[in-house]
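Observations on chain architecture
What follows is the residue order along each chain.
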Amino acid sequence: MPSPLLRTAVATALALGALGLTQPARASSSDGVYTVRVPDGDPHKRSLAPRTTEPFSMVGVTWADPDAALDGTAYVRTRSRGSGEWSAWRALDTDVRTPESGPDHDHAGVRGGTQPLWTGPSDGVQVRVSGGRLPQGLRVELVDPDGGSDAVHTSVVEPGVPEPGAVEPAPGAPLAGRPTVTSRSAWGADESLVKDPPTYTTGTQAMFVHHTAGTNDYTCSQSASVVRGVFLYHVQSNGWNDIGYHFLVDKCGTVFEGRAGGIDKPVLGAHTYGFNTATSSVSVLGDYSTATTNAAVRASVAKVAAWKLGLYGLDPAGTVVLTSGADNGKYQAGQKVTLNRISGHRDGSPTECPGQNLYDDLPEIRSLATKPGTLVAPAPNPEPATEPEPESAPEWDLGSETELAELGIEGVLAR
């Protein structure tokens, strides 16, 4: 006859299975990021059965080899902490490459990964990954950007307030005013996680425009949390030294300071594989593959680009010849490429970023950047970005009998 302890364990397993949940897999947490290992097995299809987790608001998938690409698709669904409802399946954006040089490439813990997806407050996750030969060491990254964020302030860097060692505008530079920027301390960057000092390049010759992908389903009052989440994902999950982008802009046009080292200095970023040197970057929070931007977003991106390029006397509507620093799938290392001073991520790398709609906005953004005096602060309530319908995904059960059998729960189908 089974022991009382065994009967209790079986009863618990059956109850969890009936709810469509599993017992926690091997997991670990570190400074706002809770990770769960995806079991190895089929080289073409892997999964993490639905389970209750620690609280999180952003999710992504990483793998052990930072140079490996995910030849396939990773789908996630999450459970709302507020309603207890499960979301639709959503595909994670895989347009990510490890930086080609600097501490972001050389750290021992650097991992490959998808883009993170903002989910809002959640406490359950399920993952399905399928495609070609999948990389080893798949791991789900659950980011809680609001854990321990009591010290977050609300100050901003005001226009015209110089920092020590600031770059002086070049003679003849366009008179683009310094944009109002929400500082790292204001959005709550944990500077103790940044181990190495910033690396500087010779100047800023171009600005790459990105989107963070994922979703537009966030409120502007949550934007600081989204930025903190991206920071934690880049540092704790990807293993980079700091957030990859120099600036971030939310759908209300608020500008956030990204990578540390001085917004008016030529800091080496981790944003456009092959072209990180001598360039800067601005990433709009959201997915603009089908969603559209608004006037506040376009004005803020233009103002950041006009000011940053203006420090070097550069025409934001002009072009520049850059040399690729790596074989990135689009250009060979050492290849000289003519690019717009304000380019989209896809102009330098084989990616869909910054989404077709934002990419189509770049001519207007370049035009706005040549007339910086006409750019005004965004309206308090600009029209919201249009949210696309959730992408459909393969029909998968919450859990199969095979999966449950592996957990010792035979004969119970998850619902």
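Our subject is the structure listed above.
Here goes a summary of the coordinates provided.

Rules used in this analysis
- Residues numbered from 1 in each chain as written.
- Predicted model: local features only at pLDDT ≥ 70, side-chain atom pairs only at ≥ 80, totals over all residues.
- Heavy atoms only, no water.
- Helix = DSSP H or I, 4+ residues; strand = E, 2+ residues; numbered from the N terminus.
- Core = buried A, V, L, I, M, F, W, Y, C linked by side-chain atoms within 4.5 Å.
- Buried < 20%, exposed > 50% of the residue type's maximum accessible area, 1.4 Å probe, protein only.
- Salt bridge = Lys/Arg side-chain N within 4 Å of Asp/Glu carboxyl O.
- Disulfide = S-S within 2.5 Å.
- Pairing = 2+ DSSP bridges.
- Axes fitted to C-alpha atoms, helices over the stretch in contact; angles between N-to-C directions.
- Parallel < 35°, antiparallel > 145°, perpendicular 65-115°, else oblique.
- Left-handed = near helix turned anticlockwise from the far one by under 90°.
- Contact = heavy atoms within 4.5 Å.
- Nonpolar A, V, L, I, M, F, W, Y, C, P; charged D, E, K, R; others polar.
- Phe/Tyr/Trp six-rings, centres within 6.5 Å; stacked < 30°, edge-to-face > 60°.
- Lys, Arg positive; Asp, Glu negative; His and termini not counted.
- Polar contact = N/O pair within 3.5 Å; in protein donor to acceptor, adjacent residues only side chain to side chain.

**Quick word on unusual backbone geometry**
- The linkage connecting C353 with the following residue, P354, adopts the cis geometry, with an omega of 15°.
- The topology assignment puts P354 in the loop between helix 6 (345-348) and helix 7 (356-360).
- The phi torsion at A213 lies on the positive side, around 65°, for a residue other than glycine.
- Relative to the assigned elements, A213 resides in the loop between strand 9 (206-211) and helix 4 (223-237).
- In this structure, A278 is a non-glycine residue whose phi angle is positive, near 65°.
- Tracing the backbone through its elements, the reader meets A278 in the loop between strand 11 (255-257) and strand 12 (279-284).

**Comments concerning the nonpolar core**
- Of all hydrophobic cores here, the largest spans 27 residues; its most connected members are V209, F247, V282, V301, I342 and I365.
- Secondary structure elements with two or more residues in this core: strand 9, strand 10 (247-249), strand 12, helix 5 (295-310) and helix 8 (362-369).
- Top element by residues in this core is helix 5. It accounts for eight residues.

**A word on the pattern of salt bridges**
- If you walk through the whole model with that rule in mind, you get eight salt bridges.
- Here D146 ties to R228 by a salt bridge, and the two come within 2.4 Å at their closest N and O atoms. On the criterion of sequence distance, the pair formed by D146 in the loop between strand 8 (139-143) and helix 3 (184-187) and R228 in helix 4 is long-range, its members being 82 residues apart.
- Given a relative accessible area of 6%, R228 falls into the buried group.
- One salt-bridge network, held together by shared partners, links R184, E191 and D242.

**Here we look at the state of the cysteines**
- One pass over the full model with this rule turns up one disulfide.
- Residue pairing for C220: its cysteine sulfur links by disulfide to C252, the two sulfurs lying 2.1 Å apart. Here the disulfide of C220 and C252 is right-handed, its torsion about the S-S bond being about 90°. One end of the pair, C220, is in the loop between strand 9 and helix 4; the other, C252, is in the loop between strand 10 and strand 11, and 32 residues separate them in sequence.
- Take C220: its relative accessible area is 26%, and that puts it in the partly exposed class.

**Some words on the pairing of strand 8**
- Of all five residues that make up strand 8, four are buried, and the element is covered over most of its length.
- Of the strand pairs in this sheet, strand 2 (residues 33-37) and strand 8 are connected by five bridges, and their pairing is antiparallel. Of the residues in strand 8, the one forming a bridge with V36 is V140.
- Here five bridges tie strand 3 (residues 45-63) to strand 8, and the two strands are oriented antiparallel to one another. Its bridge partner lying in strand 8, V61 is registered against V140.

**Digging into the packing of helix 5 against helix 8**
- Relative orientation of the contacting elements helix 5 and helix 8 amounts to 55°, with a least axis distance of 8 Å. The orientation of helix 5 relative to helix 8 falls into the category oblique. Between helix 5 and helix 8 the crossing geometry is right-handed. Across the interface between the two elements, R298, A299, V301, A302 and A306 from helix 5 touch E364, I365, L368 and A369 from helix 8.
- A class-by-class count of the residues in the contact of helix 5 with helix 8 yields seven nonpolar, no polar and two charged.

**Remarks on the packing of aromatic side chains**
- Taken as a whole, this structure holds three aromatic pairs when the rule is applied.
- Between the aromatic rings of W187 and F231, the centroid separation amounts to 5.7 Å while the plane-to-plane angle is 65°, which identifies the pairing as edge-to-face. Within this pair, whereas W187 is found in helix 3, its partner F231 is found in helix 4, the two being separated by 44 residues in sequence. Each member of the pair, W187 together with F231, is buried.
- Each ring, one from F208 and one from F275, has its centre 6.3 Å from the other, and the planes form 45°; the classification is tilted.

**Focus: the side chain of R111**
- Tracing the backbone shows R111 in the loop between helix 2 (103-106) and strand 6 (112-113).
- No salt bridge is formed by the buried R111; the nearest opposite charge belongs to E141, separated by 4.2 Å.
- At 2.9 Å, the side chain of R111 forms a polar contact with the side chain of T62.
- Each residue touching R111, except ones within four places of it in the same chain, is listed here: T62, W63, A64, P66, T98, G137, R139, E141, S237 and N238.

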